[in-house]
Amino acid sequence: MTPYESYTLLFSIIGLTGQYIGLGLIFYGIRQMQRGTEYRERESVRRHKENMTALNDNHTALMKLIERTGG
(Lines give C-alpha, C1' and ligand atoms only; values in the text may rest on other atoms or scores of the structure.)
Protein backbone atom coordinates (compact mmCIF):
# COMPACT_ATOMS: atom_id res chain seq x y z
CA MET A 1 0.00 0.00 0.00
CA THR A 2 1.43 3.35 -0.97
CA PRO A 3 1.65 6.22 1.51
CA TYR A 4 -1.06 8.06 -0.44
CA GLU A 5 -3.43 5.12 -0.03
CA SER A 6 -2.59 4.86 3.67
CA TYR A 7 -3.31 8.56 4.24
CA THR A 8 -6.52 8.35 2.24
CA LEU A 9 -7.71 5.39 4.32
CA LEU A 10 -6.73 7.14 7.55
CA PHE A 11 -8.54 10.35 6.62
CA SER A 12 -11.66 8.46 5.56
CA ILE A 13 -11.73 6.65 8.92
CA ILE A 14 -11.28 9.98 10.73
CA GLY A 15 -14.04 11.48 8.59
CA LEU A 16 -16.47 8.67 9.44
CA THR A 17 -15.64 9.00 13.12
CA GLY A 18 -16.31 12.72 12.93
CA GLN A 19 -19.65 12.10 11.24
CA TYR A 20 -20.71 9.67 13.97
CA ILE A 21 -19.69 12.17 16.64
CA GLY A 22 -21.70 14.84 14.83
CA LEU A 23 -24.74 12.57 14.65
CA GLY A 24 -24.38 11.78 18.33
CA LEU A 25 -24.32 15.49 19.17
CA ILE A 26 -27.41 16.08 17.04
CA PHE A 27 -29.33 13.29 18.78
CA TYR A 28 -28.15 14.56 22.17
CA GLY A 29 -29.43 18.04 21.30
CA ILE A 30 -32.78 16.68 20.14
CA ARG A 31 -33.16 14.73 23.39
CA GLN A 32 -32.34 17.84 25.44
CA MET A 33 -34.98 19.77 23.52
CA GLN A 34 -37.54 17.03 24.24
CA ARG A 35 -36.69 17.12 27.96
CA GLY A 36 -37.07 20.88 28.00
CA THR A 37 -40.44 20.64 26.31
CA GLU A 38 -41.62 18.03 28.81
CA TYR A 39 -40.42 20.20 31.71
CA ARG A 40 -42.20 23.30 30.38
CA GLU A 41 -45.38 21.28 29.89
CA ARG A 42 -45.31 20.01 33.50
CA GLU A 43 -44.67 23.52 34.78
CA SER A 44 -47.52 24.89 32.68
CA VAL A 45 -49.94 22.31 34.06
CA ARG A 46 -48.78 23.02 37.62
CA ARG A 47 -49.20 26.78 37.19
CA HIS A 48 -52.62 26.28 35.63
CA LYS A 49 -53.77 24.23 38.62
CA GLU A 50 -52.44 26.85 41.03
CA ASN A 51 -54.21 29.62 39.14
CA MET A 52 -57.49 27.72 39.02
CA THR A 53 -57.29 27.01 42.77
CA ALA A 54 -56.64 30.69 43.50
CA LEU A 55 -59.48 31.72 41.20
CA ASN A 56 -61.85 29.29 42.93
CA ASP A 57 -60.78 30.61 46.35
CA ASN A 58 -61.40 34.20 45.20
CA HIS A 59 -64.81 33.24 43.84
CA THR A 60 -65.75 31.52 47.11
CA ALA A 61 -64.60 34.52 49.16
CA LEU A 62 -66.56 36.88 46.93
CA MET A 63 -69.71 34.78 47.22
CA LYS A 64 -69.39 34.78 51.06
CA LEU A 65 -68.90 38.55 51.04
CA ILE A 66 -71.99 39.00 48.89
CA GLU A 67 -74.03 36.79 51.28
CA ARG A 68 -72.81 38.74 54.34
CA THR A 69 -73.59 42.13 52.86
CA GLY A 70 -77.01 41.03 51.70
CA GLY A 71 -76.22 41.69 48.06
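Let us now look at the overall build of the chain. When you go through the chain residue by residue, the secondary structure sums to 1 helix and 0 strands. Taking 71 residues into account, the globule formula puts the C-alpha radius of gyration at 11 Å, and the chain, at 31 Å, lies well above it. In terms of overall dimensions, the chain has a C-alpha envelope of 100 × 10 × 5 Å along the principal axes. Counting every position in the chain, which comprises 71 residues, the buried fraction comes to 3%. Side chains of the chain carry 9 positive and 7 negative charges; the gap between the two charge centres is 5 Å.

Structurally, the position occupied by T69 is in helix α1 (residues 3-69). The sequence separation of T69 and V45 amounts to 24 residues, and the corresponding C-alpha distance is 36 Å. At a separation of 3.0 Å, a polar atom in the side chain of T69 contacts the main-chain carbonyl oxygen of L65.

The topology assignment puts E43 in helix α1. In this structure the side chain of E43 is engaged in a polar contact, spanning 2.7 Å, whose partner is the side chain of R46.

Here we come to α1. Each α-helix winds once per 3.6 residues, and so residues spaced three or four apart point in a common direction. If you check α1, its first and last C-alpha atoms are 98 Å apart, about what 67 residues at 1.5 Å a residue would give, namely 99 Å. Positive backbone phi, at 75°, marks G70, one or two positions downstream of α1.

Taken as a whole and assessed by the stated rule, the structure comprises 2 salt bridges. In this structure, the salt-bridge partner of R46 is E43, at a minimum N-O distance of 2.7 Å. Taken together, the residues span about one helical turn, with R46 and E43 both in helix α1 at a distance of 3 residues. Here E43 falls in the buried class, since its relative accessible area comes to 19%. Here R46 and E50 are joined by a salt bridge, their closest N and O atoms 2.6 Å apart. Within this pair, R46 and its partner E50 are both found in helix α1, separated by 4 residues, close to a single helical turn. Residue classification places R46 among the partly exposed positions, given a relative accessible area of 37%.

Criteria and thresholds
Residues numbered from 1 in each chain as written. Predicted model: local features only at pLDDT ≥ 70, side-chain atom pairs only at ≥ 80, totals over all residues. Heavy atoms only, no water. Helix = DSSP H or I, 4+ residues; strand = E, 2+ residues; numbered from the N terminus. Rg over C-alpha atoms; globule rule 2.2 N^0.38 Å. Buried < 20%, exposed > 50% of the residue type's maximum accessible area, 1.4 Å probe, protein only. Lys, Arg positive; Asp, Glu negative; His and termini not counted. Charge placed at Lys NZ, Arg CZ, Asp CG, Glu CD. Polar contact = N/O pair within 3.5 Å; in protein donor to acceptor, adjacent residues only side chain to side chain. Expected span 1.5 Å × (residues − 1). Salt bridge = Lys/Arg side-chain N within 4 Å of Asp/Glu carboxyl O.

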